[in-house]
Amino acid sequence: MTDTKNFSKEMRRMWEDAHDYDPKDSMLGLTGKDLSGPKLSRRTTLRLLAAGGALTAAHLTPGFSGMARASGAAGGTLRCGWAGVAEIQTLDPAKINQVLQFQITSNVLSGLMHIDADLVARGDLAETWAVSDDGLEYTFKLREGVTFHNGDPFTADDVMFTYERSSNPDLSIHSKVLGNVASLEKLGDYEVKFTLKKPQASFLTKTLERASGRAMTIVSKGALEQMGEAQYGLTPVGTGPFKVTEHVLGQGVVLEKFADYYDPERPKLDKVIIKPIDGVEPLAAAMEAGDIQYIGGNPLAAQLIDRFKANSDLVVDIKPAPGFQSVWMNPWREPMKVTDFDKPMEELLKDKGFMVRLALAKALDRETYVKAAHFGYAEPGYGTINPAMAFYYDEGIADKSMQAFDPEGARKLFADAGFPGGKGFPELELITTPSQKRNGLVIANIYKQVLGITIKVVPKEFSVGIQDFDSCEYDMRLGGSGGDYDPDDGVVDWMKTTSKFNGRTRDTAKYAFGYFSNAEADALIDEQSVTADLETRKDLVQKANQITSDRVACGFLYHPVDGQVRHKSVNFPAESRIPGLHDLDRVTLG
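None of the values given here were measured: they were computed from a predicted structure. (Residues numbered from 1 in each chain as written. Predicted model: local features only at pLDDT ≥ 70, side-chain atom pairs only at ≥ 80, totals over all residues. Heavy atoms only, no water.)

Chemist: What exactly am I supposed to notice about the overall build of the protein here?
Modeler: A tally of regular secondary structure across the protein gives 19 helices and 20 strands. Counting every position in the protein, which comprises 590 residues, the buried fraction comes to 59%. If you take every contact in the protein between residues at least 6 apart in sequence, the share linking residues at least 24 apart comes to 70%. Accessible area for the protein stands at about 22400 Å²; split by element, carbon and sulfur atoms hold 49% of it. (Helix = DSSP H or I, 4+ residues; strand = E, 2+ residues; numbered from the N terminus. Buried < 20%, exposed > 50% of the residue type's maximum accessible area, 1.4 Å probe, protein only. Contact = heavy atoms within 4.5 Å. Areas by Shrake-Rupley, 256 points an atom, 1.4 Å probe, with all protein chains shown as cover.)

Okay, structure coming up:
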């Protein structure tokens, strides 16, 4: 909660104005004109930040622009290490299922909108936009003279093609992001109109966002037809500041400056080399030896943060990260087997498989885990809704969740399930990535201390481990999500029976669902997605989050931090410091 007692008179006026709206008003007291572009007013920006619970005193300071410009000369090559991954499998937005992938495409592909460091929508390929007063119609005037990397002109036809492709669930795993769109019309070569089924205040910042949104990240029809989907996934053609000139699986991606980018001032760099690096020490060695100058990809291993901070040649910037990490338990394998999460809780508590799952969740000493595995650089977690979501985050869930740390309760559940003192419990495998091995060992030690059981930590390259997870061929897995800026990113993408990550490639004849299915949670999640009243939506989100926690969709573990590490010669402006992303178009080398 922001302390307002030291606010100046003008800061207090802006604070009160930002919060002066009816929460039942889906438009937040703003008009269609207020939400129209090419640029949102400061008043509108502060209102949107307040509605999302993200408004702070810093936003109210005199002269605030939210941004600081990069210094340094243009040109040069930036060498990057992408952490925790052995290969970048795809850069096709329709197929992307990893944050570390859309971190790259945000530099290559454009959208109608792009969020800034305050998570407010700014025009990208949309030059201006107008919103009807009922919040149902969004009309966009597109930038003219924009070209794709292959020389093809960008027009409204490309917006139409992207919409048609992305709304087809057979072609895009993100089709549900467009579920609230009733229609898209081409009004001219450089004008389109979206009509929504219901008002959606997050339409600009989520659905049309070029990076995390993915559904309306603009793709090239001509390039797709010429290259085919497989090659397009390796070297996509977009209209962004950089173009992909090389992509070899297992070796990395090379980006080069696109000289015809619509903003002649960007990008500053001539070339960006992105090398996937799996493993903590290889990453540290590459950074400390100067082989790389910047780290992106998966969250930085916590044991490196203080080490890098102590290095005078490096800059370390820590911010809250929008995501969650969990210990996933396969509900189709003994002794954690639960085939019906819809049973009344009193019945579930008599189900041996559920008793084991709840015991494993209760045995997770999250405070100890965060200190031992992350050196304090994380927040204990009990659901998919992360602290960076501010307004929607339930600060009391740690006390309310049935997963709250309770060693005695966990041991009793284990005994009641037939495993007193851990006797007779099989040795299970916990899949981690190589860079997460240490974290997995901390978890295994906690389970040994609390329950007396042995968990075998099995490091696998990320793409291999995620295949096992998607096909439900695993015992336990350490993993989760990032780039979660809206509750839909947590509950819709992860906690519904039909969620895109819920056993996506499983044998449906063998497994009715992936890792979790609950009808009440499904209904709440569906309702919150189309609820305009913010307080009502918050209540629905928190109820759904509570159900998934109490019914042990997984053992929720922690919310990570976003640690950016770069050499001191790399000038990274504040306006590009977007949590979870690595936009490099304004970066310079000193």
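Read on, since the account is not over.
Chemist: I would appreciate a short explanation of the sheet that holds strand S4 (residues 126–131) in the present structure.
Modeler: Sheets are built from strands paired through backbone hydrogen bonds, the pairs being either parallel or antiparallel. The four strands lie next to each other as S4-S5-S7-S6, forming an open sheet whose pairing is antiparallel. With partners counted over all chains shown, the strands left at the sheet margins are S4 and strand S6 (181–188), one partner each. Shown here is a sheet whose adjacent strand axes are inclined to one another by a mean of 20 degrees, direction ignored. Note: S6 against strand S7 (residues 191–196), six bridges, orientation antiparallel. Residue pairing in the sheet places Leu184 in a bridge with Phe194 of S7. Seen against the sheet, helix H4 (residues 156–166) touches strand S5 (137–142), S6 and S7 and runs at an angle of roughly 160 degrees to S6. (Pairing = 2+ DSSP bridges. Axes fitted to C-alpha atoms, helices over the stretch in contact; angles between N-to-C directions.)

Chemist: Teacher, can you tell me more about the packing of helix H12 (residues 366–374) against helix H15 (residues 437–451) here?
Modeler: Between two packed helices, the angle of one axis relative to the other and the distance separating the axes together describe the packing. For the pair H12 and H15, the least separation of the axes is 9 Å and the interaxial angle reads 145 degrees. In this structure, H12 meets H15 at a crossing whose hand is right-handed. Side by side, H12 and H15 meet where Tyr369, Ala372, Ala373 and His374 of the first sit next to Arg438, Asn439, Val442, Ile443 and Ile446 of the second. Grouping the constituent residues of the contact of H12 with H15 by class yields six nonpolar, two polar and one charged. (Left-handed = near helix turned anticlockwise from the far one by under 90°. Nonpolar A, V, L, I, M, F, W, Y, C, P; charged D, E, K, R; others polar.)

Chemist: Would you mind showing me how to read unusual backbone geometry here?
Modeler: Residues apart from glycine generally show negative phi values, whereas peptide bonds are mostly found in trans. Note the cis peptide between Arg266 and Pro267, where omega equals -5 degrees. Positionally, Pro267 belongs in the loop between strand S9 (252–257) and strand S10 (271–277). With an omega of 0 degrees, the peptide bond running from Glu334 to Pro335 counts as cis. Mapped onto the elements of the fold, Pro335 is located in the loop between strand S13 (324–329) and helix H10 (345–348). Look at Phe375: it is not a glycine, yet its phi comes out positive at around 55 degrees. As for its position among the elements, Phe375 is in the loop between H12 and strand S14 (378–380). We note that Cys472 has phi near 60 degrees; this positive angle belongs to a residue other than glycine. Note on placement: Cys472 falls in the loop between helix H16 (462–470) and strand S17 (476–481). Residue Cys472 is classed as buried on the basis of its relative accessible area of 1%.

Chemist: Could you clarify how one ought to interpret a negative patch on the surface in this entry?
Modeler: A contiguous patch of negative charge on the surface is contributed by Asp340, Asp342, Glu346 and Glu347. With respect to the helices and strands, Asp340 occurs in the loop between S13 and H10. (Patch = residues over 30% accessible without salt bridge, like charges linked within 9 Å, V, L, I, M, F, W, Y side chains within 5 Å. Salt bridge = Lys/Arg side-chain N within 4 Å of Asp/Glu carboxyl O. Lys, Arg positive; Asp, Glu negative; His and termini not counted. Charge placed at Lys NZ, Arg CZ, Asp CG, Glu CD.)

Chemist: Quick question: what am I supposed to make of the packing of helix H18 (residues 519–529) against helix H19 (residues 534–550) here?
Modeler: Two elements in contact, H18 and H19, have axes whose closest approach is 9 Å; the angle formed by their N-to-C orientations is 155 degrees. Compared by their axis directions, H18 and H19 come out roughly antiparallel. By crossing handedness, the relation of H18 to H19 is classed as left-handed. Contacts from Glu520, Ala521, Leu524, Ile525, Glu527 and Gln528 of H18 reach H19 at Arg537, Leu540, Val541, Lys543, Ala544, Ile547 and Thr548. Across the contact of H18 with H19, the residue classes break down as seven nonpolar, two polar and four charged. (Parallel < 35°, antiparallel > 145°, perpendicular 65-115°, else oblique.)

Chemist: What is the right way to look at the packing of aromatic side chains in this model?
Modeler: Across all of its chains, the model carries 25 aromatic pairs by this definition. A ring pair is formed by Tyr138 and Phe203, whose centres lie 4.8 Å apart and whose planes are at 55 degrees; its orientation type is tilted. Placement of the pair is Tyr138 in strand S5 and Phe203 in helix H5 (residues 203–207), with a sequence separation of 65 residues. Accessibility classification places Tyr138 together with Phe203 in one group, the buried group. Members of the aromatic cluster, each reached through a chain of ring pairs, are Phe324, Trp328, Phe469, Tyr474, Trp494, Phe501, Tyr515 and Phe556. (Phe/Tyr/Trp six-rings, centres within 6.5 Å; stacked < 30°, edge-to-face > 60°.)

Chemist: Looking at this structure, I do not really get the pattern of salt bridges. What am I missing?
Modeler: Oppositely charged side chains can pair when the atoms bearing their charge come close. Tallying each qualifying case throughout the model produces 34 salt bridges. Between Lys193 and Glu137 there is a salt bridge; the shortest N-O distance is 3.8 Å. Taken together, the positions of Lys193 in strand S7 and Glu137 in strand S5 put the pair 56 residues apart, joining distant regions of the chain. Note that Asp488 and Arg537 form a salt bridge whose closest N and O atoms lie 3.2 Å from each other. Here Arg537 lies in helix H19 and Asp488 lies in helix H17 (residues 487–494), a separation of 49 residues in the sequence. Each member of the pair, Asp488 together with Arg537, is buried. Each of Asp263, Arg266, Glu575, Asp585 and Arg586 takes part in salt bridges that share partners, so that together they form one network.

Chemist: It is not clear to me how the pairing of strand S15 (residues 428–432) should be interpreted in this structure. Could you clarify?
Modeler: Regular strands place side chains that alternate from one sheet face to the opposite one. In terms of burial, S15 is a largely internal element, four of the five residues being buried. Across five bridges, the pairing between S15 and strand S16 (residues 455–459) is parallel. Bridge pairing links Glu429 to Lys456 in S16. Crossover S15 to S16 through H15 is right-handed. (Right-handed = clockwise from strand over helix to strand, strands pointing away.)

Chemist: Please clarify how H15 should be interpreted in this entry.
Modeler: Every α-helix winds through 3.6 residues per turn, so residues three or four apart in the chain are directed the same way. Compared with the 21 Å implied by 1.5 Å per residue over 15 residues, the 21 Å span of H15 between its first and last C-alpha is a close match. Looking at H15, one finds that the buried residues are Asn439, Gly440, Val442, Ile443, Ala444, Ile446, Tyr447, Val450 and Leu451. (Expected span 1.5 Å × (residues − 1).)

Chemist: Would you mind showing me how to read the nonpolar core here?
Modeler: Across soluble globular proteins, you tend to see nonpolar side chains buried next to one another. Phe140, Phe194 and Tyr447 are the most contacted members of the largest nonpolar core, which totals 142 residues. Those residues within four positions of Tyr447 in sequence are excluded, and the remaining contacts are Val327, Leu360, Ala363, Leu364, Gly452, Ile453, Ile455 and Met476. In terms of nonpolar packing, the next biggest core, distinct from the first, is built from 17 residues, Ile277, Val280, Ile295 and Phe308 among them. (Core = buried A, V, L, I, M, F, W, Y, C linked by side-chain atoms within 4.5 Å.)

Don't take any of this as a statement about function, it's just geometry.
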